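# Working through the structure, step by step
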Amino acid sequence: DASGHTKQLDFLPGQYARLHIPQTEDWRSYSFANRPNAQNQLQFLIRLLPDGVMSNYLRERCQVGQTIMMEAPLGSFYLREVERPLVFIAGGTGLSAFLGMLDNIADQPNPPPVHLYYGVNTEADLCEQQRLMAYGERIKDFSYHPIVTKASESWTGKSGFIHEHLNKEQLDERSFDMYLCGPPPMIEAVKSWLDTHAIDQCHVYSEKFLQSNTART
Ligand SMILES: Cc1cc2nc3c(=O)[nH]c(=O)nc-3n(C[C@H](O)[C@H](O)[C@H](O)COP(=O)(O)OP(=O)(O)OC[C@H]3O[C@@H](n4cnc5c(N)ncnc54)[C@H](O)[C@@H]3O)c2cc1C
């Protein structure tokens, strides 16, 4: 701006940015994994696919110091006023959307209960483990459930799909707000689990990480 200071980019955790991929005409969407800050440092969790425009750029051409054009903030997936316990369900890099929300919640004097389910393909896909553990120290009623679909033999935690580990009795007991973020099949599976178990006293908000060929990128 006119004072010579860079303006802080404001966004709500859960929102996303569209990033331009240098030397192409393509743009891809990524959820912010942190909160707005005076340094304008932005964090994203980006999964590298075997062959993809952004994935190949990051693997082969991306250099520290490069400028990447960005359009932001976008989307309407963000934490609403909290009146009930929160159930957060993240598939893969869908975790990004919840990290800034959890940072904000952990800063509150009386944080609400939060139950985070985080599903990934393999153990190696689990991100930000220390950060997730640390929320447990700051949010009194915080539970964290990592679930690995293709678990190795040494994995002693939960395996399979997220909806197989949701607890009907626990979720039935009292109303809650559920936030879902990640691949469309994961979101559909959890929604149909809610239907099947006739759990309807919850508010559900979701953000689908559609692939670029089907998304309005
Ligand atoms: C609102 C929104 C938020 C998003 N946030 C994130 C985020 O935070 N982090 C993130 O990583 N992604 C996020 N995505 C997805 C992201 O925008 C891209 O679609 C993704 O990163 C792939 O881009 P790419 O250019 O590397 O691949 P593309 O050039 O788009 O090509 C991907 C290709 O890989 C194929 N493919 C898909 N899955 C697999 C697989 N499992 N194995 C092999 N091939 C496969 C596809 O069929 C396609 O041909 C988000 C999407 C939306 C809509």
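Everything here concerns the structure above.
All right, on to the overall build of the chain then. In terms of helices and strands, the chain carries five helices and nine strands. Counting from the amino terminus, the chain carries its helices and strands in the arrangement β-β-α-β-β-α-β-α-β-β-α-β-α-β. Its C-alpha atoms give the chain a radius of gyration of 18 Å, near enough to 17 Å, the size a compact globule of 217 residues would have. Across its three principal directions, the C-alpha atoms of the chain cover 55 × 40 × 35 Å. Per-residue burial over the chain gives 41% buried out of 217 residues. Looking at the chain alone, contacts between residues at least 24 apart form 70% of all its contacts between residues at least 6 apart. In the form shown here, the chain has an accessible surface area of approximately 12100 Å², with 48% of it arising from carbon and sulfur atoms. Counting 19 positive and 26 negative side-chain charges, the chain places the averaged centre of each group 2 Å from the other.

The next thing to look at is the site of the ligand. Residues in contact with the ligand amount to 23 residues; listed here are only the nearest, Ser29, Tyr30, Met54, Ser55 and Ser212. Measuring from an oxygen atom of the ligand, one finds a backbone N or O atom of Ser31 at 3.2 Å. The backbone of Val53 places a nitrogen or oxygen atom 2.8 Å from an oxygen atom of the ligand. When the free accessible area of the ligand is taken as 990 Å², the share hidden by the protein chains comes to 76%. Mapped onto the shell around the ligand, the elements with two or more residues apiece are β2 (27-31), α1 (53-60) and β9 (202-208). Per-element tally for the shell around the ligand: the top contributor is β2, with four residues.

Moving on: the packing of aromatic side chains. For any pair of aromatic rings, the description rests on two quantities: the centre-to-centre distance and the angle between the ring planes. Taken as a whole and assessed by the stated rule, the structure comprises eight aromatic pairs. Aromatic side chains Tyr179 and Tyr205 sit 4.7 Å apart centroid to centroid with 25° between the ring planes, which places their arrangement in the stacked category. Of the two residues, Tyr179 sits in strand β8 (residues 176-182) while Tyr205 sits in strand β9, which places them 26 residues apart along the sequence. Classification of Tyr179 by relative accessible area gives buried; the value is 0%. An aromatic cluster of three or more residues is present, and its members are Phe77, Phe88, Phe98, Tyr179 and Tyr205. If you follow Arg80 out to its NZ or CZ, it ends over the ring of Tyr78, 4.0 Å from the centre.

The strand order β2-β1-β3 describes an open sheet built from three strands, whose pairing is antiparallel. Edge positions in the open sheet fall to β2 and β3 (70-74), since each of these has one partner strand only. When strand polarity is set aside, the average angle formed by the axes of neighbouring strands in this sheet is 20°. Sheet topology note: the strand β1 (residues 16-20)/β2 ladder contains five bridges and is antiparallel. Its bridge partner being in β2, Ala17 is matched across the sheet by Tyr30.

Here we take up the sheet that holds strand β4 (residues 86-91). Ordered in space as β7-β6-β5-β4-β8-β9, the six strands form an open sheet in which the pairing is parallel. In this open sheet, the two edge strands, each paired with only one partner strand, are β7 (158-159) and β9. Here seven bridges tie strand β5 (residues 114-120) to strand β6 (residues 142-148), and the two strands are oriented parallel to one another. Along β6, the bridge assignment pairs His115 with Ser143. Each of β4, β5, β6 and β8 touches helix α2 (residues 96-107); the most contacted strand, β4, lies at about 150° to it.

The rules we used
- Residues numbered from 1 in each chain as written.
- Predicted model: local features only at pLDDT ≥ 70, side-chain atom pairs only at ≥ 80, totals over all residues.
- Heavy atoms only, no water.
- Helix = DSSP H or I, 4+ residues; strand = E, 2+ residues; numbered from the N terminus.
- Rg over C-alpha atoms; globule rule 2.2 N^0.38 Å.
- Buried < 20%, exposed > 50% of the residue type's maximum accessible area, 1.4 Å probe, protein only.
- Contact = heavy atoms within 4.5 Å.
- Areas by Shrake-Rupley, 256 points an atom, 1.4 Å probe, with all protein chains shown as cover.
- Lys, Arg positive; Asp, Glu negative; His and termini not counted.
- Charge placed at Lys NZ, Arg CZ, Asp CG, Glu CD.
- Near = heavy atom within 4 Å.
- Polar contact = N/O pair within 3.5 Å; in protein donor to acceptor, adjacent residues only side chain to side chain.
- Phe/Tyr/Trp six-rings, centres within 6.5 Å; stacked < 30°, edge-to-face > 60°.
- Lys NZ or Arg CZ within 6 Å of the ring centre and 35° of its normal.
- Pairing = 2+ DSSP bridges.
- Axes fitted to C-alpha atoms, helices over the stretch in contact; angles between N-to-C directions.

Everything listed here is a matter of geometry and, on its own, says nothing about what the molecule does.
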